[in-house]
Number of protein chains: 2
Amino acid sequence: MKATAVAFSLLAGLTALAQTNQPPAEDFKPAATNQRDKDYPQVNSEGRVRARIAAPQAQSVQLEINGKRFPMTKDANGVWTGDSTPFDQGNHYYGLVIDGAQVPDPGSTFIFGSGSWRNDIEIPAYDQDFYALKNVPHGELREVLYFGKTSSTNRHCFVYTPPDYDKNSNKRYPVLYLQHGYSEGESGWGAQGHAGLIVDNLIAEGKAKPFIIVMENGGISGGPGGRGAPPAGAPPRGGGRGMFNFSAFEQALIGDVIPFVDSNFRTIADQPHRAMAGLSMGGMQTRQITLAHLDTFSAIGLFSGGVISTNDVNNTPGFREKVKVVFVGYGSREIGNRVGGGVGGDPKVNTEALKQAGINTVFYVSPNTAHEWLTWRRSLHEFAPLLFQD
Amino acid sequence: MKATAVAFSLLAGLTALAQTNQPPAEDFKPAATNQRDKDYPQVNSEGRVRARIAAPQAQSVQLEINGKRFPMTKDANGVWTGDSTPFDQGNHYYGLVIDGAQVPDPGSTFIFGSGSWRNDIEIPAYDQDFYALKNVPHGELREVLYFGKTSSTNRHCFVYTPPDYDKNSNKRYPVLYLQHGYSEGESGWGAQGHAGLIVDNLIAEGKAKPFIIVMENGGISGGPGGRGAPPAGAPPRGGGRGMFNFSAFEQALIGDVIPFVDSNFRTIADQPHRAMAGLSMGGMQTRQITLAHLDTFSAIGLFSGGVISTNDVNNTPGFREKVKVVFVGYGSREIGNRVGGGVGGDPKVNTEALKQAGINTVFYVSPNTAHEWLTWRRSLHEFAPLLFQD
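Cut-offs used in this document
Residues numbered from 1 in each chain as written. Chains lettered and ligands numbered in written order. Predicted model: local features only at pLDDT ≥ 70, side-chain atom pairs only at ≥ 80, totals over all residues. Heavy atoms only, no water. Domains from an automatic or database assignment. Contact = heavy atoms within 4.5 Å. Buried area = accessible area lost by both parts, 1.4 Å probe. Helix = DSSP H or I, 4+ residues; strand = E, 2+ residues; numbered from the N terminus. Expected span 1.5 Å × (residues − 1). Bend = angle between axes of the 7 residues up to and from the residue. Buried < 20%, exposed > 50% of the residue type's maximum accessible area, 1.4 Å probe, protein only. Phe/Tyr/Trp six-rings, centres within 6.5 Å; stacked < 30°, edge-to-face > 60°. Lys NZ or Arg CZ within 6 Å of the ring centre and 35° of its normal. Pairing = 2+ DSSP bridges. Polar contact = N/O pair within 3.5 Å; in protein donor to acceptor, adjacent residues only side chain to side chain. Salt bridge = Lys/Arg side-chain N within 4 Å of Asp/Glu carboxyl O. Axes fitted to C-alpha atoms, helices over the stretch in contact; angles between N-to-C directions. Parallel < 35°, antiparallel > 145°, perpendicular 65-115°, else oblique. Left-handed = near helix turned anticlockwise from the far one by under 90°. 1 Å grid on protein atoms, 1.4 Å probe; cavity = no way out; pocket = protein on both sides within 12 Å on 5 of 7 lines; lining within 4 Å. Points joined across faces, edges and corners; volume = space filled by probe spheres on them. Nonpolar A, V, L, I, M, F, W, Y, C, P; charged D, E, K, R; others polar. pLDDT = per-residue confidence, 0-100. Arc of directions from axis to C-beta.

### Here we look at the domain arrangement of chain A
Residues and elements named next belong to chain A.
Okay, so step 1: Splitting chain A by domain gives domain 1 (24-124) and domain 2 (129-386).
Okay, so step 2: For domain 1 and domain 2, the distance between their C-alpha centres works out to 31 Å.
Okay, so step 3: Residue-level contacts link 15 residues of domain 1 with 18 residues of domain 2.
Okay, so step 4: Between domain 1 and domain 2, roughly 1,300 Å² of surface is buried when both sides are summed, and carbon and sulfur atoms account for 44% of that area.

### Let's talk about helix 3 (residues 247-264) of chain A
Residues and elements named next belong to chain A.
Okay, so step 1: Given a rise of 1.5 Å per residue, 18 residues ought to cover 26 Å, and the 25 Å separating the end C-alpha atoms of helix 3 matches this to within 8%.
Okay, so step 2: At leucine 253, helix 3 shows its largest bend, some 40°.
Okay, so step 3: Buried within helix 3 we find Phe249, Glu250, Ala252, Leu253, Asp256, Val257, Ile258, Phe260, Val261, Asp262 and Asn264.
Okay, so step 4: Against the buried residues of helix 3 lie strand 12 (140-148), strand 13 (153-161), strand 14 (175-179), strand 15 (212-215), strand 16 (274-279) and helix 4 (281-292).

### Quick word on the environment of A:Gly181
Okay, so step 1: Topologically, A:Gly181 is positioned in the loop between strand 14 and helix 2 (195-204).
Okay, so step 2: Put simply, A:Gly181 and A:Val214 are 33 residues apart on the chain and 15 Å apart in space, counted from C-alpha to C-alpha.

### Some points on the packing of aromatic side chains
Okay, so step 1: The full count for this structure, using the stated rule, is 29 aromatic pairs over all chains.
Okay, so step 2: Considering the side-chain rings of A:Phe211 and A:Phe388, the 5.6 Å spacing of their centres and the 65° angle between planes classify their relative orientation as edge-to-face. Of this pair, A:Phe211 sits in the loop between helix 2 and strand 15 while A:Phe388 sits in the segment after helix 8 (373-383), placing them 177 residues apart in sequence. With respect to burial, A:Phe211 and A:Phe388 carry one shared label: buried.
Okay, so step 3: One aromatic cluster is present, formed by A:Trp189, A:Phe303, A:Phe327, A:Tyr364, A:Trp373, A:Trp376 and A:Phe383 through successive ring pairs.
Okay, so step 4: The ring of B:Tyr165 is capped by B:Arg266, whose NZ or CZ atom sits 4.1 Å from the centre of that ring.

### A look at unusual backbone geometry
Okay, so step 1: Omega for the bond connecting A:Tyr40 with A:Pro41 falls within 30 degrees of zero, at 5°, which places this linkage in the cis form.
Okay, so step 2: Along the polypeptide, A:Pro41 turns up in the loop between strand 1 (29-30) and strand 2 (42-43).
Okay, so step 3: Of note in the backbone geometry, B:Ser183 takes a positive phi value of approximately 65° without being a glycine.
Okay, so step 4: With respect to the helices and strands, the residue B:Ser183 is situated in the loop between strand 14 (175-179) and helix 2 (195-204).
Okay, so step 5: Not every positive phi belongs to a glycine, and B:His194 is a case in point at roughly 55°.

### Considering the sheet that holds strand 6 (residues 73-74) of chain A
Okay, so step 1: One open sheet holds the five strands; their spatial order is 1-2-3-7-6 (chain A), and the pairing between them is antiparallel. The open sheet terminates on both sides in strands that have one partner only, identified here as strand 1 and strand 6 of chain A.

### Quick notes on the side chain of B:Thr286
Residue and element names in this part refer to chain B.
Okay, so step 1: Along the chain, threonine 286 falls in helix 4 (residues 281-292).
Okay, so step 2: A distance of 3.5 Å separates a polar atom in the side chain of threonine 286 from the backbone oxygen of alanine 277.
Okay, so step 3: Discounting residues that sit within four places of it in the chain, threonine 286 has contacts with Met276, Ala277, Gly278, Leu291, Ile300, Gly301 and Leu302.

### Thoughts on the pattern of salt bridges
Okay, so step 1: Applying the stated rule across the entire model yields 36 salt bridges over all chains.
Okay, so step 2: Here A:Glu205 and A:Lys207 are joined by a salt bridge, their closest N and O atoms 2.9 Å apart.
Okay, so step 3: Residue B:Asp312 pairs with B:Arg287 through a salt bridge whose shortest N-O separation is 2.8 Å. In this pair, B:Asp312 sits in helix 5 (residues 310-315) while B:Arg287 sits in helix 4, placing the two residues 25 residues apart along the sequence.

### Brief notes about the sheet that holds strand 2 (residues 42-43) of chain B
Residue and element names in this part refer to chain B.
Okay, so step 1: Here we have five strands laid out as an open sheet, ordered 1-2-3-7-6, and antiparallel in their pairing. The sheet terminates laterally at strand 1 (29-30) and strand 6 (73-74), the two strands that pair on one side only.
Okay, so step 2: By the bridge criterion, two bridges tie strand 2 to strand 3 (residues 49-54) in an arrangement that is antiparallel. Note that in strand 3 the partner of glutamine 42 across the bridge is arginine 50.

### A closer look at the packing of helix 2 of chain B against helix 8 (residues 373-383) of chain B
Residues and elements named next belong to chain B.
Okay, so step 1: At a closest axis distance of 10 Å, the pairing of helix 2 and helix 8 adopts a crossing angle of 30°. The angle between helix 2 and helix 8 places the two elements in the roughly parallel class. The hand of the helix 2/helix 8 crossing is right-handed. Counting all contacts with helix 2, which are made through Ala195, Ile198, Val199 and Leu202, the residues of helix 8 involved are Arg377, Leu380 and His381.

### A closer look at the layout of surface pockets
Okay, so step 1: As a volume, the largest pocket reaches approximately 940 Å³.
Okay, so step 2: In terms of lining, the largest pocket is formed by 46 residues, of which the most central are B:Glu64, B:Tyr93, B:Ser114, B:Ser116 and B:Arg118.
Okay, so step 3: Of all the elements in the fold, those that place two or more residues in the lining of the largest pocket are strand 3 (49-54) of chain A together with strand 8 (90-98), strand 9 (101-103), strand 11 (116-123), helix 4 and helix 8 of chain B.
Okay, so step 4: For the lining of the largest pocket, the leading source of residues is strand 8 of chain B, giving six residues.
Okay, so step 5: Across the lining of the largest pocket, the residue classes tally to 20 nonpolar, 17 polar and nine charged.

### Focus on the confidence of the model for chain A
Residues and elements named next belong to chain A.
Okay, so step 1: Averaged over all residues, the pLDDT of chain A is 88; the fraction at 70 or higher stands at 86%.
Okay, so step 2: Per-residue pLDDT stays below 50 along residues 1-18; that stretch engages in zero contacts with residues further than four places along the chain or on separate chains.
Okay, so step 3: Across residues 226-242, confidence stays below pLDDT 50; counting only partners more than four residues off in sequence or on other chains, it has 82 contacts.
Okay, so step 4: As scored by the predictor, the complex reaches a pTM of 0.91 and an ipTM of 0.90.

### Structural notes on helix 7 (residues 347-356) of chain B
All names here are of chain B.
Okay, so step 1: The set of residues buried in helix 7 consists of Pro347, Asn350, Thr351 and Leu354. Buried residues of helix 7, viewed axially, fall in a sector of 90°; they line one side. Turned more than 90 degrees away from the buried face of helix 7, the exposed residues are Val349 and Gln356.
Okay, so step 2: The elements touched by buried residues of helix 7 are helix 5, strand 18 (325-331) and strand 19 (361-366).

### Description of the pairing of strand 7 (residues 79-83) of chain B
All names here are of chain B.
Okay, so step 1: Burial analysis of strand 7 places four of its five residues in the buried class, the great majority of the element.
Okay, so step 2: In this structure, strand 3 lies alongside strand 7, joined through five bridges in antiparallel fashion. Following the sheet pairing, alanine 54 is matched in strand 7 by valine 79.
Okay, so step 3: Examined bridge by bridge, strand 6 and strand 7 share two bridges and lie antiparallel to one another. Paired with lysine 74 across the bridge in strand 7 is tryptophan 80.
Okay, so step 4: Here strand 6 hands over to strand 7 after four residues, with glycine 78 in that stretch at a positive phi of 85°.

In structure tokens, the structure reads:
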């Protein structure tokens, strides 16, 4: 068995090497993440990215995706072009390096991720239909400014209201509080996460109940700031960073955000109709905050951000009665990794133990994705249908 | 008189030259348009911009603002720094040029303007308080997706709803349709235009009636596309360009946008409670569309985008009875220019003639601004209090 495994590894390595050295499939098309009318960057059927930029006097231009750099070459007109090796389906952060300067690619649009405004590039996924823009009723993504008394700051969040929210002015809705990861911000789920489109499509198919989604800044990782979509010139800009201490955000969420949402949106303002989920650091925040406030939340979603253990259940009075569903999702390529996959122990073992203990638990593994947005889009897509089913 | 004018011009030229060659005032501060926690670019009290970027192998790096380029110089660590000459107060579009490659500055945030996603930089204005983020009740900026039957496309617009819109579920509101300029898009007024903050502040001071603002894509200049704030990876991306033929947008606005807004928002759906305004090309669209649909609109705002003439009034049956206010605004530095200032003749002469003809007309000149956003922010700030006063 061991020999077979080694042989398989070698074979896989050789295949990857061969792929790298072979000429790319010449079926490149402009990426979905491009600016309108921009021909580059492009993506081919193998998941390779081809970048292009005019830089007549440059000595060296590279394409950088997820921290890996790929050389580009100059033609007679001073235009540089270069291809990456194949990347997984989904959304990756990238940029260009021009004579040592790390700059955004002017051909792509911009999102806030990994600590700054930057480019992302979309490699079409086999299941991209679930987050596609379709001719179905759409909810709204609202940029909301308010003053938070607990934090004593002007706060900035996004609120998704489901289709027909404004047509049924007597109807009230449950709420999902949905958090971003470390060094990201409140814009991520609505932009590169496609949260609105995912839930629009599920509601149109009758697979999810309509609910409100609140996307606030988790408080310790900067964030995009600004007003308007895209990033506005207005304050709030500037802002602090901190270590993984979630207590200020816990206070702001319980003391400011939820009361603001309950008094400004038509929510069903009780525990059975309130859920919380988050990705990566947002999952850790979700675990800490929900366990401390089970009279506030009835559903828990952890996307690449740890697990609930049987110890957590045993140490939290009322857990069995109060929690309707625990969802744990990961990308297949991150399980066992230090970041994401390893937090709180093996998620499969943990969720199995929870199920055995009689907790309604769902464990999901996103095929062939790492600690990236396709894992989290799919996790939301799996989690949303489980919510507010009573 | 002529000699005096020439002498004054010479003197102004020499002063400008002297300013350029003098060392800058060393009171530079990070710009309001920076990404959080980014120290550069900076702006000083003279309106100079100082840019900085690490580009160790570069041969040449320049700062480019409004098409003017300024050299930057390299230090021993490979970090380039350079200052511009003084610029007017307000918002300017800019970028960097690294060995001939025109790229965004990774220190700034991004807006959609002048045909692409790019950087803007804010030079603090003496009157910036009117668009500052304050602890007042805020409206929401909503990103709205819907299917337009007339255009047979998935449409994307932004809708500002005033403070307390969701608290008074029986109250209905008037609507301002507010358009962007050529090669810009539906995101501009909410982002670099600060439309929401301007109207929030006016409402808080009791200077404007609460109203809804609809910001749609004028249809012939591409646009930002996307869902979420900032630009999403999702469609709609791609899109066409065209010449200055506004009939497709006119049909979409009358046939799709207004019916959608009237059936999805709590509008007062009649002519007295509907206004239209726009900047530059959006002003020309406003003129054409309102004159053709005076049963739909009762107020007209043209910001750096032409005038209404007495001929227009005489050629449009019912104008005197139906139009409550005509507002014409310009920047002092653009009057007489081919772009903006010159459209439809001298705006001061034209508006005087309108007043003489008994039309309620307001002419506004923004001090020391050109065909840029501070002119248009100020124009909105002057126009909004005139609306829906009955």
